[in-house]
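# Structural description and commentary
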Amino acid sequence: MNTVADPLRAPVATRLPVADDFPILARPVHGRRLVYLDNGATTQKPTAVIEAEARFYRESNANIHRGVHWLSQHATELYDAARATVQRFIGAARADEIIFTRGTTEAINLVANTWGRKQLTAGDEILITTLEHHSNIVPWQMLCEQTGAVLKVAPVNEIGEVELDGFDALLSPRTRLVAITHISNALGTVNPVAEMVAHAHAVGAVVLVDGAQAVAHQAVDMQALGCDFYAFSGHKLYGPTGIGVLYGRAELLADMPPWQGGGDMIRTVSFERSTYAEAPQRFEAGTPNIAGAVALGAAIDYVQALGMDRIVAHEHALLEHATAALSAIPGLRMIGTAAHKAGILSFMIEHIHPHDLGTILDSEGVAIRAGHHCAMPLMTRFGIPGTARASLAVYNDDTDIAALVTAIEKAQTLFGTRKKP
Ligand code: PLP
């Protein structure tokens, strides 16, 4: 970790001049400048995305796939173009490997209810890690209840890393599915996913990666990762809520039964029997979030125009700066100090409950998250009820970190626990 002489003086690399792209950042909160550090929960939206969604409703709105009229065909083209944009963004081999869902949670549940119900039987094993978000735990527990499969959990070490030895020790020919997060939302740990995928494949397991925290913060390539399924949410990628993606390898999708039945997912319907469309339509029953998909395409265009290399460099520099600045506060304990981390800082302040801290920071205009971050088993692993979490995005800079530090010091002053560094 870098230590800087003055923890509040940051190198220039901690600034990307994009704040003006995000209109919400100009609105004050409690009469203060909004310092938005809750990006792990959801990111703010650039004007380009807000406009893309509004423009769709203004100029292109119609239902897709069903109309012979021009507007329906136009809307269908925009929806298909968004799918192709996602395909290129994550390096999928084919556009029909991209299924639009409501988000990461629905994508994971889709795999559990289709691939999982068809493939798993009693005694089969599903391997996850201690780092997982509830979305990548509970669907598998439900699947285990339905099939008799057994859930195994790879441990994390004191600094919040999944060690490959511990992971490998739980892989066996009984392991049918490995479901792992790419980046931990609670600690920021970046898992060595490509290696984990290779090890899981070596025992014949299928691998699902939860990419909810990854796609906005590093380049993600399905061919390089080699995984079988990859799930993410648009709203953590500067896109709208209610739209997300399940990537699935074509061979697996071809063999998966549908989950939800209804319009658009069928080939033929009679009262005796229905037959189903190919992927991805087979998994997109009903009218999808067309405007959301189009706006997600605009969000990806925005990220790509900014450049993933610049985003990674910026967030890395800001993480180092923020880590040094926070670590200099007496009474602050960082939870999760993995060697390979993304822009998430989870911490506890001596004698101040994370919820109290979050409330005081809010009164200063600083938005962070406090609690278990939908990762209760991980909190249990560290013997804590929860943490305070600051999570970074492209528009954050060193002035946000300075505001965070000042607000934490104010909380310590209010609690009478402030110590001189
Ligand atoms: N997985 C991880 C790692 C997350 O951080 C989140 C959301 O915080 C999810 C899954 C669930 O995402 P969503 O609520 O968008 O479905």
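Now for the domain arrangement of the chain. The domain boundaries assigned to the chain delineate domain 1 (5-45 + 308-414) and domain 2 (50-304). Between domain 1 and domain 2, the C-alpha centre-to-centre distance is 28 Å. Contacts between domain 1 and domain 2 engage 39 residues on the former and 36 residues on the latter. Buried area between domain 1 and domain 2, both sides added, is near 3000 Å², and the carbon and sulfur share of it is 58%. In this structure, the connection of domain 1 to domain 2 is made through one salt bridge. Here Arg381 makes a salt bridge to Glu158, at a shortest N to O gap of 3.3 Å. Counting across the interface, domain 1 meets domain 2 through 25 residue pairs in polar contact (both at pLDDT 80 or more). Grouping the amino acids of the side of domain 1 that touches domain 2 by side-chain chemistry returns 23 nonpolar, 10 polar and six charged.

On to the pattern of salt bridges, then. Tallied over the full model, the rule gives 19 salt bridges. Arg249 serves as the salt-bridge partner of Glu251, at 2.4 Å between the closest nitrogen and oxygen. The class of Arg249 is partly exposed, set by a relative accessible area of 26%.

It is worth spelling out helix H13 (residues 398-414) at this point. A rise of 1.5 Å per residue sets the reference length of H13, with its 17 residues, at 24 Å; its end C-alpha atoms lie 24 Å apart and thus fit the reference within 8%. Those residues of H13 that sit buried are Asp398, Asp400, Ile401, Leu404, Val405, Ala407, Ile408, Ala411 and Gln412. Immediately beyond the C-terminal end of H13, within one or two residues, lies Gly416, with a positive phi of roughly 70 degrees.

Another point: the site of the ligand. In the vicinity of the ligand lie 13 residues, with Thr105, Asp210, Gln213, Ser233 and Lys236 positioned nearest. Take Thr104: an N or O atom from its main chain is 3.4 Å from an oxygen atom of the ligand. Between the ligand and Asp210 there is a distance of 2.5 Å, counted from a nitrogen atom to a side-chain nitrogen or oxygen. Summarising the interface, the protein chains cover 84% of the accessible area of the ligand, which totals 400 Å² for the free molecule. Counted by class, the shell around the ligand contains one nonpolar, 10 polar and two charged residues.

For Asp80, the position within the fold is in helix H2 (residues 70-90). Accessibility expressed as a relative area gives 35% for Asp80, which makes it partly exposed.

Calculation notes
Residues numbered from 1 in each chain as written. Predicted model: local features only at pLDDT ≥ 70, side-chain atom pairs only at ≥ 80, totals over all residues. Heavy atoms only, no water. Domains from an automatic or database assignment. Contact = heavy atoms within 4.5 Å. Buried area = accessible area lost by both parts, 1.4 Å probe. Salt bridge = Lys/Arg side-chain N within 4 Å of Asp/Glu carboxyl O. Polar contact = N/O pair within 3.5 Å; in protein donor to acceptor, adjacent residues only side chain to side chain. Nonpolar A, V, L, I, M, F, W, Y, C, P; charged D, E, K, R; others polar. Buried < 20%, exposed > 50% of the residue type's maximum accessible area, 1.4 Å probe, protein only. Helix = DSSP H or I, 4+ residues; strand = E, 2+ residues; numbered from the N terminus. Expected span 1.5 Å × (residues − 1). Near = heavy atom within 4 Å. Areas by Shrake-Rupley, 256 points an atom, 1.4 Å probe, with all protein chains shown as cover.

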